[in-house]
Amino acid sequence: MENSIFNVDNTYSIFLPKEYLNYKYMINCTADYIDLIDTPSISSNSSYTYIRVYTNREGFVQERTANTGYYTTTGYEVNVSNSFFARQDSSNICITAFAFLFVIILIFNCLTEFISRGGLFKWT
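Residues numbered from 1 in each chain as written. Predicted model: local features only at pLDDT ≥ 70, side-chain atom pairs only at ≥ 80, totals over all residues. Heavy atoms only, no water.

J.: Which parts of the structure should I look at to understand helix H1 (residues 90-112)?
T.: What sets the pattern is the α-helix's 3.6 residues per turn: residues three or four places apart point alike. Taking 1.5 Å per residue as the helical rise, H1 with its 23 residues ought to reach 33 Å, and the 33 Å between its terminal C-alpha atoms agrees with that figure. Every buried residue belonging to H1 is among Ser90, Asn109 and Thr112, and all of these are buried. (Helix = DSSP H or I, 4+ residues; strand = E, 2+ residues; numbered from the N terminus. Expected span 1.5 Å × (residues − 1). Buried < 20%, exposed > 50% of the residue type's maximum accessible area, 1.4 Å probe, protein only.)

Written as structure tokens, this is what we have:
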């Protein structure tokens, strides 16, 4: 893969809901959000629809409409995905789910100690 506009070899994927996967051309990028359009370029004096994807709130997308004015707008292609692992908080969700599962198994083992010594999962 060649270098992207971010000057890195492998860029991350932007998480989008399934209905917005065709918006893959970036026209604006800030620390808080990324604006995406669905075509590589937009001609002058036309209106277009774009989406604003907020980087600090996963899956929050706003549809907006704008006018190009007297210039042509060109978008840069970026990686978009609706994969769970493209989310920035996917590791936090997985860690919380495994911790919750461990606590449930521990509670289940404590409850089954009344039936069998050591519970269903005998530690020794």
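J.: Looking at this structure, how should I read the sheet that holds strand S5 (residues 47-54)?
T.: Whether parallel or antiparallel, the strands of a sheet pair through hydrogen bonds between backbone atoms. If you walk across this open sheet you meet the five strands as S6-S5-S3-S2-S8, and the pairing is antiparallel. Taken across any chain shown, the strands that pair with only one partner, and hence form the sheet edges, are strand S6 (61-67) and strand S8 (76-77). Summarising the sheet, strand S3 (residues 33-37) and S5 pair through four bridges and their orientation is antiparallel. In the sheet register, tyrosine 33 faces S5, and the bridge partner there is tyrosine 54. (Pairing = 2+ DSSP bridges.)

J.: What is the right way to look at the nonpolar core in this model?
T.: The nonpolar side chains of a soluble globular protein tend to be buried, and buried together. By size, the foremost hydrophobic cluster in this structure holds 12 residues: Ile14, Leu16, Tyr20, Tyr23, Met26, Ile34, Leu36, Ile51, Val53, Val61, Val78 and Val80. Where this core is concerned, the elements lending two or more residues are S3 and S5. Not counting chain neighbours up to four residues away, the residues in contact with valine 80 comprise Ile14, Leu16, Leu21, Tyr23, Lys24 and Leu36. Membership of the second largest hydrophobic core comes to five residues, among which are Ile37, Ile42, Tyr48 and Tyr50. (Core = buried A, V, L, I, M, F, W, Y, C linked by side-chain atoms within 4.5 Å. Contact = heavy atoms within 4.5 Å.)

J.: Help me understand the side chain of threonine 112 in this model?
T.: Mapped onto the fold, threonine 112 is located in helix H1. Separated by 3.0 Å, the side chain of threonine 112 and the backbone oxygen of asparagine 109 make a polar contact. (Polar contact = N/O pair within 3.5 Å; in protein donor to acceptor, adjacent residues only side chain to side chain.)

J.: Please explain the packing of aromatic side chains as it appears in this structure.
T.: The geometry of an aromatic ring pair is captured by the separation of the ring centres together with the interplanar angle, meaning the angle of the planes. Here the structure, examined in full by the defined rule, presents three aromatic pairs. Here the aromatic rings of tyrosine 48 and tyrosine 50 are separated by 5.9 Å at their centres, their planes lie at 45 degrees, and the arrangement is tilted. The pair formed by tyrosine 48 and tyrosine 50 is uniform in burial state, with each residue classed as buried. The residue whose ring lies beneath arginine 52 is tyrosine 33, and the NZ or CZ to ring-centre distance is 3.7 Å. (Phe/Tyr/Trp six-rings, centres within 6.5 Å; stacked < 30°, edge-to-face > 60°. Lys NZ or Arg CZ within 6 Å of the ring centre and 35° of its normal.)

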